[in-house]
There are 2 protein chains.
Amino acid sequence: MTTDFAATRAAFHLPEGITYLDGNSLGPLPRAAAERIERCVHKEWGEMLITAWNRAGWMEMPLRLGDRIGRLIGAPEGTTVVGDTLSIKVYQALAAALALNPSRRVILSDTGNFPSDLYMAEGLIATLGQGHRLKLVEPEEVAGHLTEEVAVLMLTEVDYRTGRRHDMWALTARAHEVGALTIWDLAHSAGALEVDVTAAGADFAVGCTYKFLNGGPGAPAFIHVAPRHAEAALPALSGWLGHDAPFAFEPAYRPAGGIARMRVGTPPVIQMAALDAALDIFDMVDMADVRARSLALSELFIAEVERRCPELVLASPRAPEERGSQVSFRHPEGYAVMQALIARGVIGDFRAPDIIRFGITPLYIGEEDILRAAAVLEEVMRNRLWDDPACRRRAAVT
Amino acid sequence: MTTDFAATRAAFHLPEGITYLDGNSLGPLPRAAAERIERCVHKEWGEMLITAWNRAGWMEMPLRLGDRIGRLIGAPEGTTVVGDTLSIKVYQALAAALALNPSRRVILSDTGNFPSDLYMAEGLIATLGQGHRLKLVEPEEVAGHLTEEVAVLMLTEVDYRTGRRHDMWALTARAHEVGALTIWDLAHSAGALEVDVTAAGADFAVGCTYKFLNGGPGAPAFIHVAPRHAEAALPALSGWLGHDAPFAFEPAYRPAGGIARMRVGTPPVIQMAALDAALDIFDMVDMADVRARSLALSELFIAEVERRCPELVLASPRAPEERGSQVSFRHPEGYAVMQALIARGVIGDFRAPDIIRFGITPLYIGEEDILRAAAVLEEVMRNRLWDDPACRRRAAVT
């Protein structure tokens, strides 16, 4: 173990009295991100104005930050770029992948995929109008449905509700055997697990940066294209910053070489500044250490909760290697349970219909947090503290 | 004149010694934006963490800010939403418009449109694969090419290079006569001119918020859909936040009612915070006053430059009503001229092949700025100060 988790914890601002187990939804504020944003706003936007695009390096940020994320997911330099939202990047990856496999019409995914990925596929299918079909199967049945009609296998590695983890290596290999391409959504993987898109053979990978990467609310997404597809994959959303010569203002589109073509419009500079600082923390860690500690903390949490709260049913896989970096339980009153927890300073979240989720994020969470969360959960369950109108009142974001 | 331009000027941070005539590319920092960002970062992200989506109103920001922009462009409440980049919003508007006019195949635009709008159309045409055609004509010839084969007329109201302004009312009326729909890109209009999309009859409008609206580098874009199309226009990029029930996590997409369906993914909260504060300044102004003062300052600038710099050729229309809120000149060494100006604290920008642009932004620019810029430009031209290797050296962003 070479990672100093006391040092990584000190790199975050964590509010007094809060046990934060929702870093799988929104990572907390890295102290350096606040400083970096202030510099971006005052020194760059405020003082350099338009010249900051060159002088402060704004124009290079999408590719530079892409490479920084690439190092965390096993992507070679120059194959990952930051921008837009994850939904947009899914659309680009899927459009490119379908065009690379033009004789087939099936997009295979699973019922555990994040709905926005599926919705974007629906939108693309309608726009293409070529009779593509989105085939959804149960997560355990994906391999069995990889047949020679599948154009693209599109999966999220770690299920957003249960934390169940797909075997990226095996499924990618199987997909390639039948001539299908793969798109891996790493929303719950990047910064949480050891990922190696190159070794796994992934064709495309996408992800967001506001969860385990701690880039801040609405931080931009990323997309990776395997080098073997770099010059053949077209972006579909062909914006000026993906043009080979954006400032030549040519009337016709010519894609930039490689991953730069996946850029679309003017990138969110202030959000990228926050992300840049958040990624500094990953320079301090070994992802193998992060994974080991995540599993240790997860095992502890499962054991404590099962011992203290028999009415909660583990929704996550019991085998550590089949889980991402979260632990979920089911309860029919899950929404109210989570509200009761939040009211007592333990923050996780709820996913319909009945799942309470807890993100296990070793960069800033330790054993004392796990034990406190389990104790508060026990108190809530034992005393039915969730059975309160205030806890049942639904908010816009649940 | 009811607008207090001394008060609006005081609302911005303007660097010492700089005359900033590039607010048509990136507006300067509103003092309140810096404070609002700090609050968003420290009090909301830092202290509220995930709960800020409800408690700090993050989730409502795209529609709330959309309505604030809507008031500046004549759009009724609930018909404008903020998010993504302008290129993405062009794609959505065009996809929706083409689907509403399914028997036609021509997208009419002009050679003065911003290239990214044209590139996005190219990408959409390729994705649709239905034989649509992008027809580009000279700006003056648009009306003559509005025939019954045109599905959609897609124009930027104000030309990014010359500042030439289309007659939105007349062209929209003519488009409707021949059964075409209209998409107006207001990138150089919103916050610069009086715009009334409703009175003009525009079907769709899009725009960016980092130019005359001063929302900051990479601030999100906006899209407006006329109420008569609200329930028929589909977003093409069908992301979870455009779903009727995003947090129900249903497997199939159901568009939200009205403009909310044009949302795609998780919006850039920190950028929206800056934009929110920037829009406060527009609560202090009457757009008719802004327009009147913009034209007065533009007339002064043209007269001064033409008197002092006979080798510069006016690229903008001479008639004030045919211009947006910028003044452009041509010179074969325009790039080097602009670099020489910037080196002397007068910031405008250059657009290939030979245009130097000056944004006229009365919220923070006055007669003294205009006179100083003209004097420095005269000094640069008279003494050939642009004829210097340092001025000819090209940067990434020109």
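Just so you know, these numbers come straight off a predicted model, no measurement behind them.

Q: Requested: an account of the overall build of chain A, with residues and values cited.
A: Within chain A, the regular secondary structure consists of 13 helices and 15 strands. Relative to the globule expectation of 21 Å for 398 residues, the C-alpha radius of gyration of chain A, 21 Å, shows essentially globular dimensions. In terms of its C-alpha atoms, chain A occupies a principal-axis envelope of roughly 65 × 55 × 45 Å. Among the 398 residues that make up chain A, the fraction classed as buried is 67%.

Q: Before we move on, could you go through the side chain of B:Arg36 and cite the residues and values that matter?
A: All names here are of chain B. Its location among the elements puts Arg36 in helix 2 (residues 31–48). Note on Arg36: relative accessible area 9%, which makes it buried. When residues no more than four places from it in sequence are discounted, the contact partners of Arg36 are Glu44, Met61, Ala273, Asp276 and Ala277.

Q: Hey, could you go over the interface of chain A and chain B for me, with residue numbers and the actual values?
A: Taken residue by residue, the interface counts 81 residues in chain A and 81 residues in chain B. Contact with chain B buries area across many residues of chain A, yet A:Trp45, A:Tyr119 and A:Phe249 alone supply 12% of it, more than any other trio. Counting across the interface, chain A meets chain B through zero salt bridges. Scanning the region where chain A abuts chain B turns up 30 residue pairs in polar contact (both at pLDDT 80 or more). When contributions to the side of chain A that touches chain B are tallied by element, the ones reaching two or more residues are strand 3 (29–30), helix 2 (31–48), helix 3 (52–55), helix 5 (86–100), helix 6 (115–128) and helix 9 (269–280) of chain A. When residues of the side of chain A that touches chain B are assigned to their parent elements, the largest contribution, ten residues, is made by helix 6 of chain A.

Q: Which residues make up the sheet that holds strand 15 (residues 355–359) of chain B, and what values go with them?
A: Residues and elements named next belong to chain B. Pairing is antiparallel across the open sheet formed by four strands, whose spatial order is 11-12-15-14. The sheet is open, and its two edges are formed by strand 11 (313–314) and strand 14 (349–351), each paired on a single side. Of the strand pairs in this sheet, strand 14 and strand 15 are connected by three bridges, and their pairing is antiparallel. Each bridged residue has a counterpart across the sheet, and for Asp349 the counterpart in strand 15 is Arg357. Against the sheet, helix 11 (residues 334–343) contacts strand 14 and strand 15, and its axis sits at roughly 40° relative to strand 15.

Q: Tell me about the relation of the copies chain A and chain B, residues and numbers included.
A: Take chain A, turn it by 180°, move it 0.0 Å along the axis, and it overlays chain B with an RMSD of 0.0 Å. Both copies are brought into coincidence by an operation consistent with a two-fold rotation axis. Relative to the rotation axis, the closest C-alpha in chain A is found at A:Leu128, a distance of 2.5 Å.

Q: Give me the lowdown on the UniProt feature "modified residue: N6-(pyridoxal phosphate)lysine" (unreviewed entry) in chain A, citing residues and values where you can.
A: Residue and element names in this part refer to chain A. Listed under "modified residue: N6-(pyridoxal phosphate)lysine" (unreviewed entry) in the UniProt record, and renumbered for this structure, are Lys211. Structurally, the position occupied by Lys211 is in the loop between strand 9 (204–207) and strand 10 (221–225). The contacts of Lys211, once residues within four sequence positions are left out, are Gly23, Asn24, Ser25, Gly27, Ala187 and His188. Within the structure, the side chain of Lys211 is placed 3.3 Å from the backbone oxygen of Asn24, a separation counted as a polar contact.

Q: Tell me about the environment of B:Asp67, and please be specific about residues and values.
A: Residues and elements named next belong to chain B. Structurally, the position occupied by Asp67 is in helix 4 (residues 61–73). Asp67 gets classed as buried once you look at its relative accessible area, which sits at 14%. Here the alpha-carbon distance between Asp67 and Trp184, two residues 117 residues apart in the chain, equals 18 Å. Excluding its chain neighbours within four sequence positions, the residues that come into contact with Asp67 are Pro76, Glu77, Gly78, Thr79 and Thr80.

Q: So what's going on with the state of the cysteines? Residues and values would help.
A: Here the structure, examined in full by the defined rule, presents zero disulfides over all chains. The thiol of A:Cys40 is unpaired, and the distance to the nearest cysteine sulfur, on B:Cys40, comes to 14 Å. B:Cys391 carries a free sulfur, and the closest cysteine sulfur to it, the one in B:Cys309, is 15 Å from it. Accessibility expressed as a relative area gives 6% for B:Cys391, which makes it buried.

Q: Got a sec to walk through the pairing of strand 12 (residues 326–330) of chain A? Specific residues and values, please.
A: Remark: a regular strand shows side chains that alternate across the two faces of the sheet. All names here are of chain A. Counting buried positions along strand 12 gives four out of five residues, so the element sits mostly inside the fold. Across two bridges, the pairing between strand 11 (residues 313–314) and strand 12 is antiparallel. Across the sheet, Leu314 pairs through a bridge with Phe329, a residue of strand 12. With five bridges joining them, strand 12 and strand 15 (residues 355–359) adopt antiparallel strand pairing. Looking at strand 15, one finds that Gln326 is bridged to Gly359.

Q: So, the domain arrangement of chain A: which residues are in play, and what are the values?
A: Residues and elements named next belong to chain A. Domain boundaries assigned for chain A yield domain 1 (5–30 + 286–392) and domain 2 (57–283). For domain 1 and domain 2, the distance between their C-alpha centres works out to 28 Å. Scanning the region where domain 1 abuts domain 2 turns up zero salt bridges. Taken together, domain 1 and domain 2 are joined by ten residue pairs in polar contact (both at pLDDT 80 or more). Elements supplying a minimum of two residues to the side of domain 1 that touches domain 2: helix 10 (287–308), strand 12 and strand 15. In terms of residues, the side of domain 1 that touches domain 2 owes the most to one element, helix 10, which gives four residues. Class assignment of the residues belonging to the side of domain 1 that touches domain 2 gives a composition of 15 nonpolar, eleven polar and seven charged.

Q: Can you tell me about the UniProt feature "binding site: pyridoxal 5'-phosphate" (unreviewed entry) in chain A, naming the residues and giving the values?
A: With numbering matched to this structure, UniProt assigns "binding site: pyridoxal 5'-phosphate" (unreviewed entry) to A:Leu86, A:Ser87, A:Phe114, A:Pro115, A:Ser116, A:Asp117, A:Thr156, A:Asp185, A:His188, A:Tyr210, A:Trp240 and A:Thr266. The greatest C-alpha distance among the residues just named is 30.1 Å, and with 181 residues of sequence between them they are spread in space as well. Structurally, A:Phe114 is set in the loop between strand 5 (106–110) and helix 6. For A:Phe114, a relative accessible area of 18% translates into the label buried. Excluding residues within four positions of it along the chain, A:Phe114 makes contact with A:Thr156, A:Tyr160, B:Trp240 and B:Phe249. Within the element layout of this structure, A:Ser116 appears in helix 6. In this structure A:Ser116 comes out as buried when scored by relative accessible area, which is 1%. Setting aside anything within four residues of it in sequence, one finds A:Ser116 in contact with A:Ser87, B:Ser238, B:Gly239 and B:Trp240. Of note is the side chain of A:Ser116, whose polar atom sits 2.6 Å from the side chain of A:Ser87.

Q: Explain the sheet that holds strand 15 of chain A to me, and be specific about the residues and the numbers.
A: What holds strands together in a sheet is hydrogen bonding between their backbones, with the strands either parallel or antiparallel. Residues and elements named next belong to chain A. Pairing in this open sheet of four strands is antiparallel, and the strands run 11-12-15-14 from one edge to the other. This sheet does not close on itself; its edge strands, each paired only once, are strand 11 and strand 14 (349–351). Relative to strand 12, helix 10 is tilted by about 20°, and along the sheet it contacts strand 11, strand 12 and strand 15. Running at roughly 40° to strand 15, helix 11 (residues 334–343) makes contact with strand 14 and strand 15 of the sheet.

Q: Give me the pairing of strand 15 of chain A: which residues, what numbers.
A: All names here are of chain A. In terms of burial, strand 15 is largely enclosed, as five of its five residues are buried. Neither face of strand 15 is left uncovered, since the one carrying Ile355, Arg357 and Gly359 and the one carrying Ile356 and Phe358 both have all their residues buried. The hairpin turn running from strand 14 into strand 15, its antiparallel successor, is three residues long.

Q: Summarise helix 6 (residues 115–128) of chain B; cite the residues concerned and give the values.
A: Residues and elements named next belong to chain B. For helix 6, which comprises 14 residues, the first-to-last C-alpha distance of 20 Å matches the rise-based estimate of 20 Å (1.5 Å per residue) to within 8%. In terms of burial, helix 6 is largely enclosed, as twelve of its 14 residues are buried. Listing the buried residues of helix 6 in full gives Pro115, Ser116, Asp117, Leu118, Tyr119, Met120, Ala121, Gly123, Leu124, Ile125, Thr127 and Leu128. Positioned one or two residues after helix 6, Gly129 has a phi angle of 60°, which is positive.

Q: Summarise helix 9 of chain A; cite the residues concerned and give the values.
A: Think of an α-helix as 3.6 residues a turn; residues three or four steps apart then line up on the same face. All names here are of chain A. Relative to the 16 Å expected for twelve residues at 1.5 Å per residue, helix 9 spans 17 Å between its end C-alpha atoms, a close match to the ideal helical length. Summarising burial for helix 9: eleven of the twelve residues are buried, a large majority. What helix 9 keeps buried is the set Val269, Ile270, Gln271, Met272, Ala273, Ala274, Leu275, Asp276, Ala277, Ala278 and Leu279.

About the criteria used
- Residues numbered from 1 in each chain as written.
- Chains lettered and ligands numbered in written order.
- Predicted model: local features only at pLDDT ≥ 70, side-chain atom pairs only at ≥ 80, totals over all residues.
- Heavy atoms only, no water.
- Helix = DSSP H or I, 4+ residues; strand = E, 2+ residues; numbered from the N terminus.
- Rg over C-alpha atoms; globule rule 2.2 N^0.38 Å.
- Buried < 20%, exposed > 50% of the residue type's maximum accessible area, 1.4 Å probe, protein only.
- Contact = heavy atoms within 4.5 Å.
- Buried area = accessible area lost by both parts, 1.4 Å probe.
- Salt bridge = Lys/Arg side-chain N within 4 Å of Asp/Glu carboxyl O.
- Polar contact = N/O pair within 3.5 Å; in protein donor to acceptor, adjacent residues only side chain to side chain.
- Pairing = 2+ DSSP bridges.
- Axes fitted to C-alpha atoms, helices over the stretch in contact; angles between N-to-C directions.
- Least-squares fit on C-alpha atoms with pLDDT ≥ 70 in both.
- UniProt positions renumbered as here; feature names shortened; annotations may be inferred.
- Disulfide = S-S within 2.5 Å.
- Domains from an automatic or database assignment.
- Nonpolar A, V, L, I, M, F, W, Y, C, P; charged D, E, K, R; others polar.
- Expected span 1.5 Å × (residues − 1).

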